[in-house]
Amino acid sequence: MEEIKKVRGFQDIYGENAEKYRYIVNTARKIFDKYNFKEIILPYVEDVSLFIRSVGEETDIVQKEMYTFKDKGGREIALRPEGTASVVRAYIENRIFAEGGYHKFFYEGAMFRYERPQAGRYRQFHQIGAELFGINNPLSDVEIISLVKDILDVLKIDTRLEINTLGSFEDRKIYIEELRKYLSEKKENLCEDCKKRLEKNPLRVLDCKVESCKDETKEAPKLYEYLSETSIKRYEEVKKYLKALDINFVENPRLVRGLDYYTDTVFEFITDKIGAQGTVAAGGRYDKLVEQLGGPPTPAVGFAAGIERLMLLVDELPQGEDLIAVIPINDEFNLLALKVANKLRKENLKVELILKTGSLKSKMKVANKLKSSYVIFVSDSYELKDMLTGSQIKYEDLNILVQTLKNS
Ligand code: HAM
């Protein structure tokens, strides 16, 4: 029979990779909790128009990368390409804003983008992310950045933090016109993608990786010069707070991000260790998005990190608990071994009941392969073998054996 393969760009995560995945998510969850963010669990599908109106009609995500389909009721549906738009929709739809104060959410889960697959880039990938609504204070930008930094530090992942400010939409409007004028004169030297971007989204030309585009934008007008006093002051505050927390950063005036909803602070945590897809976490403010999606004016800031990219950077998993292999010396002792295994598990020990039938030698082979720290041979008595030292001790009383293991 012909084998069925997984769909291109999709992945099976198992074995050590699944352990890394869970370790990353658990670490992030602990830190979200320390910062008092609350979980929000959202649908994987949304109305297509949500992403058109938030991520932006002219972005790559909306133009080329969304998985969309009509459901049986004729609704235009998209598999979510990112989490922020859904959190904002939920914030508005559930009238969370009406509770007053500000709100802090975190989420984890799959996102879908029809991109060209390569190392660190998949069509289904997973993000952990957080969003903070209702506060414009620059402290909130820094809380988010500091939270990401804490996650990366615990995971022992070394990155460079790049920051920039995009100002308000109003500041940007004038700038974009100036930039368009400037780049129009250089049009022949821009790559094909940038020629199109020039019309629809000239800001994106600034972070094009093609050399000729980089050259042409070197002398281009700088966004910074078009920002309002308020935006500049805000940015200075953010930098001051980051310095105070000893969070190193570099300013990158070309950092514009690929989603349209950003205002003021944007940031990316980048590594050079995993090739071209080096951005492991990214985010920024989006002070107009809630309003754009029909909610009350609500400033907001957030980030998302790609779990698969973090997995490429986690070298070592913390040492797990000791594994105890329970082996009935022959079939006669199967039932007793089953009881022993369950008793140990109830005592909070980690146990593999060796299920293989056959010779003792073949059972030991399984225990070895599983890297068991201890083996208990079950017969009329219990023999505990320490796999590291090779020492073997016989116990008549199971309770004494349990105590020994718990104290080890
Ligand atoms: P984003 O930059 O599109 O931002 O994605 C955030 C992170 O998701 C990236 O830095 C990367 O680690 C990971 N990622 C993106 N696409 C892929 C892919 N195809 N394969 C593997 N990993 C990928 C957002 O999604 C915004 N919602 C972040 C945000 C939250 N801004 C404010 N709040």
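The structure contained in this document is the topic of the report that follows. Everything numeric here is computed off the predicted structure, so don't read it as measured data.

1. Digging into the overall build of the protein
The helix and strand inventory of the protein stands at 14 helices and 16 strands. A compact globule built from 408 residues should have a C-alpha radius of gyration of about 22 Å, whereas the protein, at 27 Å, is more than 25% larger. With the principal axes as the frame, the protein shows a C-alpha extent of 90 × 55 × 45 Å. Burial status across the protein gives 50% buried among its 408 residues. For the protein, restricting intrachain contacts to residue pairs at least 6 apart in sequence, the fraction spanning at least 24 positions comes to 69%. Here the protein displays about 21700 Å² of accessible surface, and carbon together with sulfur accounts for 49% of that area. Across the protein, the 65 positively charged side chains and the 67 negatively charged ones have centroids separated by 3 Å.

2. Thoughts on the pairing of strand S6 (residues 124–133)
Taking burial as the measure, the 10 residues of S6 include nine buried ones, the bulk of the element. With 10 bridges connecting them, strand S5 (residues 103–112) and S6 associate as antiparallel partners. Bridge assignment links Phe112 to a residue of S6, and that residue is Gln124.

3. Observations concerning a negative patch on the surface
Taken together, the side chains of Glu332, Asp380, Glu396 and Asp397 present a region of like negative charge at the surface. The residue Glu332 is located in the loop between strand S12 (323–328) and helix H12 (334–346) in this model. What makes Glu332 exposed here is its relative accessible area of 67%.

4. Things to note about the site of the ligand
Around the ligand sit 26 residues, and of these Glu82, Thr84, Glu115, Glu131 and Tyr262 come closest. Within the side chain of Arg257, a nitrogen or oxygen atom sits 2.8 Å from an oxygen atom of the ligand. Contact with the protein chains hides 96% of the accessible area of the ligand, taken as 660 Å² for the molecule alone. Of all the elements in the fold, those that place two or more residues in the shell around the ligand are S6, strand S10 (279–285) and strand S11 (300–306). Per-class residue counts for the shell around the ligand are 11 nonpolar, eight polar and seven charged.

5. A few points about the side chain of Lys363
Structurally, Lys363 can be placed in helix H13 (residues 360–369). Here Lys363 sits buried without a salt bridge, and the closest side chain of opposite charge, Asp331, lies 4.7 Å off (N-O distance).

6. Observations concerning the sheet that holds strand S9 (residues 263–270)
Spatial strand order, S1-S5-S6-S11-S10-S9-S7-S8: eight strands in an open sheet with mixed pairing. Strands at the two margins of the open sheet, each flanked by one partner only, are strand S1 (38–39) and strand S8 (250–251). As paired elements, S1 and S5 share two bridges and run parallel to each other. Within S5, the position partnered with Glu39 by the bridge is Phe106. Its contacts with the sheet place helix H5 (residues 138–154) against S5, S6, strand S7 (160–165), S9, S10 and S11, and it is angled at close to 15° to S11.

7. Some points on a nonpolar patch on the surface
Together, Tyr44, Val45 and Phe69 line one region of the surface with nonpolar side chains, adding up to about 250 Å² of accessible area. Mapping Tyr44 onto the fold places it in the loop between S1 and strand S2 (45–47). Owing to a relative accessible area of 39%, Tyr44 belongs among the partly exposed residues under this scheme.

Thresholds applied
- Residues numbered from 1 in each chain as written.
- Predicted model: local features only at pLDDT ≥ 70, side-chain atom pairs only at ≥ 80, totals over all residues.
- Heavy atoms only, no water.
- Helix = DSSP H or I, 4+ residues; strand = E, 2+ residues; numbered from the N terminus.
- Rg over C-alpha atoms; globule rule 2.2 N^0.38 Å.
- Buried < 20%, exposed > 50% of the residue type's maximum accessible area, 1.4 Å probe, protein only.
- Contact = heavy atoms within 4.5 Å.
- Areas by Shrake-Rupley, 256 points an atom, 1.4 Å probe, with all protein chains shown as cover.
- Lys, Arg positive; Asp, Glu negative; His and termini not counted.
- Charge placed at Lys NZ, Arg CZ, Asp CG, Glu CD.
- Pairing = 2+ DSSP bridges.
- Patch = residues over 30% accessible without salt bridge, like charges linked within 9 Å, V, L, I, M, F, W, Y side chains within 5 Å.
- Salt bridge = Lys/Arg side-chain N within 4 Å of Asp/Glu carboxyl O.
- Near = heavy atom within 4 Å.
- Polar contact = N/O pair within 3.5 Å; in protein donor to acceptor, adjacent residues only side chain to side chain.
- Nonpolar A, V, L, I, M, F, W, Y, C, P; charged D, E, K, R; others polar.
- Axes fitted to C-alpha atoms, helices over the stretch in contact; angles between N-to-C directions.

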